[in-house]
Amino acid sequence: MLRAVLPRSSGLALALLAVAGCGDRIPPPASLTSVTPASGPVDQSLTVQIEGAGFSVRVFTDFGDPNQSRTDDTYGVTIGGVALTGVQHISTTQLTGTLPAGVPQGDNDLQVTDPWGRPVTLAAAYFGIPAGGLPTDLSITAPDEVPIGACQAVTVEQLNAGGAPTVSQSVTTVALDPSPTGAFSVFSDIGCTTAAASVDIPAGQTSVIAYVRAADRATADLVASSTGLGSDSHTFEFGPTQIAFAGGAVSGLVGVCISTPLTIETQDSTGAASAVGSNTDITLSAPANLLLYDAPGCTTPVVTTITIPAGSSSASFYAKGISQGSPVVTASATGLGTDTRTVTVNPNTFFVFESVGPQGVATPFLVAIHADDGAGNVVTGFTNTATLTGQGGTTLNCVSNCGNGTATLAFIRGKWSGWVRANTAVSNATIHAAAGTVTGDSNAFNVLAPAGGVSAPAARLSATPGAVNGTGDVVALNASLSSNYGQGTLEFSFDPQGTTNNAPGNSPWTAWGPAATYNASGFSTGVVWQPRVAVRQVGDTVFSVATATVVSTSALLCTVTTSVMDDDGASSCTMGNKFGGDGAISLPEAIKLTNSGAGRAITADRAYRFIYLPGDDLYAVSNSTSISLPTGSQLIDVPLDITGSGVMVANVDITGTRPWTVSSGDLTLRDSVVHDHAGIFANGPLTLRRVLMLRCASGAACATSTGPAGLIRALFSEFVDAPGDALRIQPASPGGACPATAVDVQSSTFTRASIAINDDCTSGSRVWHSTFHANGTGIEYVGGSANDLRNNVFSGNTTATTCAAATFSNGKDYNLLFGNGTDGCVVGDANTLTGDPLYFIPEAGDFRIRSTSPAFDSATNLSLDVNDVGPGSFYGAGPDRGGRETP
């Protein structure tokens, strides 16, 4: 503080003393008006002058010493809290002093304290100019990424030329503009409720806070500008910046919809989930062996795009692999990049059944199963056995090609087929197959019992071996697969050679008895024998007859002793030292050896399951060989080409993807089953006698004949489930030649075929005593005049017949029509009947008729043996209409 002692002679002192009067009186406080200069650099000292009024001097009077009086004009001054140095009391209206460096930038209060210790303040009297000078530029500080819908604070700051935050002596109004316009909104409040086009930086402040918010994904700039200042901009990425697969690894089994979804997520650059503001499409791609779906279960159509909905950050989809591997899924979205995820598809083996139709209770039926990899491919390495169980209310027995009553034999290259019986009449039965973890179920099917009054059993017979060459050779006959729908005990009578017209039970038939097996012998050479069995319920008079084929040759008989399909050099069928390297006769070797002469036969020492693999040996049958194997022998994927005349194949089960061909010559197929097979194609005569063709391939007919020699003869045969037609007869080229009778069908049944008989030849045809039930079209003719269509039953077909230009000079009458969508060209013929044919169980393929059927004994007698191996040409007063002559 500054103190002054004035001399007694001083006029000013005398004046002051006079003002003081009689003592130390306290004047009113001072008042402040300004600081000059009103501003200055904060980093420099500055002499300033304080203007005001009442800057009084304090006088102290000592009455004990008239010669001694004192005065005090010491004033304290601060600006912005910084004390001035060298303060001088100039007058009652003015003070001066030096302001040191360090005053705060911006507005600062002036405070003066008088000698009595009384402070007075003048607010914002002095402006501290920042060290770098006044503002020259604007700056925006904000995060680069902002979630959709978030109210994001943004700091707008003013800087001096040195880039330091600084203040202004007046309010700085800053315009805030989105670019592009409308990409986002600017607000002045923390809740983003008050829109703002500009904000103010108060005088003395370096910055102000504004807020931004976007409703949808955008890349946009915020531009800040103010008059006299350099502008600034900041780029925002509103919403996600990338996509990525979320979650862990995904794996599943071939052919099975993977239950764990694949989730694609929109994210910010740190990997945090970031929602989208509007529906966002994600494009998906994957290899052909991985199918993508938008819903669990993988039952919807496959997808290539999914959508992340507005307000969400993810969407999920599902995958199903159709082959083993590690396919990669790629997801991409415009502006968000791509990401990939590997899906592991592991092998999956389960059992797949060929379709099972309705069956008769306790009646054996054919079942075919393959081990599947989940994508429709056969797992050829599966060679285990499987246990079969009836489900849905029925028990099940495995009766042929079985290890025991419930187990299959070993699968061959992933496939098995055999005969089973369901023992209880139920609806929606299924068959369950299990081999450890490998399981599978058939489709649901009905097990049906016949209506009352149906008592005739279904007879079946097997023969082992299928060929002999001496009258003393024994053939084991077995009728254990016969059935009467579980309605009673059966008894059997055998006719070993199948030659008599006597009634069963009368010699040379054996007496009726409970034994279902018989050892037959006495087959003289050079004859194809039909040993028979008659089957009836105990004490009944109604019976059924079945047969098998036994060839007795006077020429060479070659007996196959192995299922291996190779030729390792066997040069003789009879001498052990000429059996080749393995000491056995294979089927290819037997065909090769019997091709060298006429009238020869091939059989096997037991029922083998022959399977053909690429590279195996096999020869065309080029001579009149009879291949009569033990009943139950299987030819799996075995292609066979016939070039010889008089070739016969009997007692076999044929299945697989390789067709049979009759390139030249002719073929008779007898007492056999062809199922799940690629078909038979014939350029020469093809005769099917007592053949069941079941589940033919969709791309081909069960049997096709082509050209001038390619006729088809079907006798006492059954055709079931033929989506590519049952029989197709065609010229080699449009308008080409066909045999005089291109198709000859008698005593056969057709059910569930697209077209049962598709006759594209115009030469002629015979269709007698046959049943067409539940087909798309029974018979489709293209033309010809020498057609014969008599004694047939058409029931439940979409169209019974279409005749086009065909005419029937040989007869078209005595047919029975019932329940067809359209009867076609058989309607209105002479002696044509309408009415329910009263089949035993048509759903199960038993088209025998009841005695009250309008078809019973009502056909015209064409002098045919419609009774096949049964005694006589027919039962009753006359032959029946339809494909099954019934006692």
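Just above sits the structure.
Residues numbered from 1 in each chain as written. Predicted model: local features only at pLDDT ≥ 70, side-chain atom pairs only at ≥ 80, totals over all residues. Heavy atoms only, no water.

Asks: Which parts of the structure should I look at to understand the overall build of the protein?
Replies: The secondary structure content of the protein amounts to two helices and 75 strands. In terms of C-alpha radius of gyration, the protein reaches 54 Å, well past the compact-globule figure of 29 Å for 887 residues. Seen through its C-alpha atoms, the protein measures out along the principal axes to roughly 180 × 70 × 55 Å. The buried share among the 887 residues of the protein stands at 51%. For the protein, long-range pairs separated by at least 24 residues make up 57% of all intrachain contacts whose partners lie at least 6 apart in sequence. (Helix = DSSP H or I, 4+ residues; strand = E, 2+ residues; numbered from the N terminus. Rg over C-alpha atoms; globule rule 2.2 N^0.38 Å. Buried < 20%, exposed > 50% of the residue type's maximum accessible area, 1.4 Å probe, protein only. Contact = heavy atoms within 4.5 Å.)

Asks: What is the right way to look at the pairing of strand β41 (residues 475-478) in this model?
Replies: Two faces belong to every sheet, and in a regular strand the side chains alternate between them. Burial along β41 is one-sided: Val475 and Leu477 are buried, while Ala476 and Asn478, pointing the other way, are not. The sheet contact formed by strand β39 (residues 462-464) and β41 spans three bridges and is antiparallel. The partner of Ser462 across the bridge, within β41, is Asn478. Pairing of β41 with strand β43 (residues 517-520), which is carried by four bridges, proceeds in the antiparallel orientation. Across the sheet, residue Leu477 finds its bridge partner in β43, namely Tyr518. (Pairing = 2+ DSSP bridges.)

Asks: Explanation requested: helix α2 (residues 587-594) in the structure shown.
Replies: Count 3.6 residues to each turn of an α-helix, and residues three or four apart come out pointing the same way. By the criterion of burial, α2 is predominantly enclosed, with seven of the eight residues buried. Looking only at α2, the buried set comprises Leu587, Pro588, Glu589, Ala590, Ile591, Leu593 and Thr594. Its buried side turned inward, α2 meets β48 (557-560), β49 (601-604), β50 (609-611), β51 (626-636) and β52 (640-642).

Asks: How should I be thinking about the side chain of Thr886 in this particular structure?
Replies: With respect to the element layout, Thr886 can be found in the segment after β75 (846-849). Residue class for Thr886 comes out buried when judged on its relative accessible area of 1%. Here Arg884 takes part through its backbone oxygen, which lies 3.0 Å from a polar atom of the side chain of Thr886. Once residues lying within four places of it in the same chain are set aside, the contact partners of Thr886 are Phe840, Arg848, Ile849, Phe856, Tyr875 and Asp880. (Polar contact = N/O pair within 3.5 Å; in protein donor to acceptor, adjacent residues only side chain to side chain.)

Asks: Just to check I follow, could you spell out empty space enclosed by the protein for this structure?
Replies: To find leftover empty space, one rolls a probe the size of a water molecule over the atoms. Summed over all chains, the structure comprises two cavities of 30 Å³ or more. By volume, the largest cavity amounts to about 40 Å³. Among the residues forming the lining of the largest cavity, the class breakdown is seven nonpolar, no polar and no charged. Quantified by volume, the second largest cavity comes out at close to 30 Å³. As for the second largest cavity, its lining consists of Val674, His675, Asp676, His677, Gly679, Met693, Leu694, Arg695, Cys696 and Cys702. (1 Å grid on protein atoms, 1.4 Å probe; cavity = no way out; pocket = protein on both sides within 12 Å on 5 of 7 lines; lining within 4 Å. Points joined across faces, edges and corners; volume = space filled by probe spheres on them. Nonpolar A, V, L, I, M, F, W, Y, C, P; charged D, E, K, R; others polar.)

Asks: Can you walk me through the state of the cysteines in this structure?
Replies: Covalent bonding between the sulfur atoms of two cysteines is what defines a disulfide. Counted by the stated rule, this structure contains seven disulfides. Each disulfide pairs two cysteine sulfurs, and for Cys257 the partner residue is Cys298, the sulfurs being separated by 2.0 Å. Since a negative S-S torsion denotes a left-handed disulfide, the Cys257-Cys298 link at about 65° is right-handed. On the criterion of sequence distance, the pair formed by Cys257 in the loop between β22 (250-253) and β23 (262-267) and Cys298 in the loop between β25 (290-293) and β26 (305-308) is long-range, its members being 41 residues apart. Of the two residues, Cys257 and Cys298, neither departs from the other in class, the shared state being buried. With its sulfur 1.9 Å from that of its partner, Cys738 forms a disulfide with Cys761. Torsion about the S-S bond of the Cys738 and Cys761 cystine: about -65°, corresponding to left-handed handedness. Of this pair, Cys738 sits in the loop between β61 (727-730) and β62 (743-746) while Cys761 sits in the loop between β64 (755-759) and β65 (764-768); the two residues are 23 residues apart in sequence, bridging distant segments of the chain. For the pair shown, Cys738 and Cys761 are each scored as buried. (Disulfide = S-S within 2.5 Å.)

Asks: Explain the packing of aromatic side chains here, please?
Replies: Note on aromatic pairs: each is described by the distance of the centres and the angle between the planes. Applying the stated rule across the entire model yields 19 aromatic pairs. Ring centres 5.0 Å apart and planes at 35° place the aromatic pair Phe184 and Phe238 in the tilted group. One end of the pair, Phe184, is in the loop between β15 (172-179) and β16 (185-187); the other, Phe238, is in strand β20 (residues 229-238), and 54 residues separate them in sequence. Between Phe351 and Phe382, the ring centres sit 5.4 Å apart and the planes meet at 80°, which makes this aromatic pair edge-to-face. Here the residue Phe351 occupies a position in strand β30 (residues 350-353), and Phe382 occupies one in the loop between β32 (365-372) and β33 (387-391), the gap between them amounting to 31 residues. The exposure class of Phe351 is buried, given its relative accessible area of 2%. By relative accessible area, Phe382 is classed as buried at 8%. The structure contains a cluster of three or more aromatic residues connected by ring pairs, namely Phe719, Phe750, Phe772 and Phe794. In this arrangement the basic side chain of Lys812 is found over the ring face of Phe808, its NZ or CZ atom lying 5.4 Å from the centre. (Phe/Tyr/Trp six-rings, centres within 6.5 Å; stacked < 30°, edge-to-face > 60°. Lys NZ or Arg CZ within 6 Å of the ring centre and 35° of its normal.)

Asks: Would you explain the pattern of salt bridges in this entry?
Replies: Working definition: two side chains of opposite charge can pair if their charged atoms are close together. Counting across every chain of the model gives 16 salt bridges. Between Asp114 and Arg118 there is a salt bridge whose closest N-O contact spans 3.0 Å. When its relative accessible area of 5% is taken as the criterion, Asp114 is described as buried. Judged by its relative accessible area of 22%, Arg118 falls in the partly exposed class. In this structure, the salt-bridge partner of Asp495 is Arg532, at a minimum N-O distance of 2.5 Å. (Salt bridge = Lys/Arg side-chain N within 4 Å of Asp/Glu carboxyl O.)

Asks: So what exactly am I meant to see when it comes to the environment of Asp200 here?
Replies: As for its position among the elements, Asp200 is in strand β17 (residues 198-201). Among the residues examined, Asp200 registers a relative accessible area of 40% and is labelled partly exposed. In this structure the C-alpha to C-alpha distance between Asp200 and Val171, which are 29 residues apart in sequence, comes to 6.4 Å. Those residues in contact with Asp200 that lie beyond four places of it in its chain are Val171, Thr172, Thr173 and Val208.

Asks: Got a minute to help me understand the nonpolar core in this structure?
Replies: Within soluble globular proteins, side chains that are nonpolar generally end up buried alongside one another. Grouped together as the largest cluster of nonpolar side chains are 69 residues, with contacts concentrated most on Leu669, Leu688, Leu727 and Ile757. Once residues lying within four places of it in the same chain are set aside, the contact partners of Ile757 are Leu727, Ile729, Val743, Val745, Phe750, Val767, Phe772, Gly778, Ile779 and Glu780. (Core = buried A, V, L, I, M, F, W, Y, C linked by side-chain atoms within 4.5 Å.)

Asks: Quick question: what am I supposed to make of the pairing of strand β59 (residues 712-715) here?
Replies: Sheet topology places strand β57 (residues 686-694) next to β59; four bridges connect them, and they run parallel. Residue pairing for β59: Leu686 is matched across the bridge by Ile712. For β59 and β62, the ladder comprises four bridges, and the chain directions are parallel. Within the sheet, the bridge partner assigned to Ile712 lies in β62 and is Val743.

Asks: How should I be thinking about the environment of Gln324 in this particular structure?
Replies: Among the structural elements, Gln324 can be located in the loop between β27 (314-321) and β28 (328-333). Residue Gln324 is classed as exposed on the basis of its relative accessible area of 54%. Considering only alpha carbons, one finds Gln324 and Gly255, 69 residues apart in sequence, at a separation of 9.3 Å. Excluding residues that lie within four positions of it along the chain, Gln324 makes contacts with Val254, Asn289, Val345 and Pro347.

Asks: Would you explain the sheet that holds strand β34 (residues 396-400) in this entry?
Replies: Two strands in a sheet stick together by hydrogen bonds in their backbones, pointing the same way (parallel) or opposite ways (antiparallel). Spatial strand order, β30-β32-β35-β34: four strands in an open sheet with antiparallel pairing. A single partner strand is all that each edge strand has here, and the edge strands are β30 and β34. Neighbour-to-neighbour, the strand axes of this sheet turn through a mean angle of 45°, independent of strand direction. Pairing geometry for β30 and β32, over four bridges, is antiparallel. (Axes fitted to C-alpha atoms, helices over the stretch in contact; angles between N-to-C directions.)

Asks: Explain unusual backbone geometry to me, please; I cannot follow it from the model alone.
Replies: Most peptide bonds take the trans form, and the phi angle of most residues other than glycine is negative. In this model, Ser179 is joined to Pro180 through a cis peptide bond whose omega is 5°. Locating Pro180 in the fold gives a position in the loop between β15 and β16. Looking along the chain, the bond that leaves Ser507 and enters Pro508 is cis, with omega of 10°. For Pro508, the position within the fold is in the loop between β42 (490-495) and β43. One non-glycine residue with positive phi stands out, namely Asp637, at about 60°. When its relative accessible area of 11% is taken as the criterion, Asp637 is described as buried. Even without being glycine, Asp857 reaches a positive phi, approximately 60°. Inspection of the secondary structure assignment puts Asp857 in the segment after β75.

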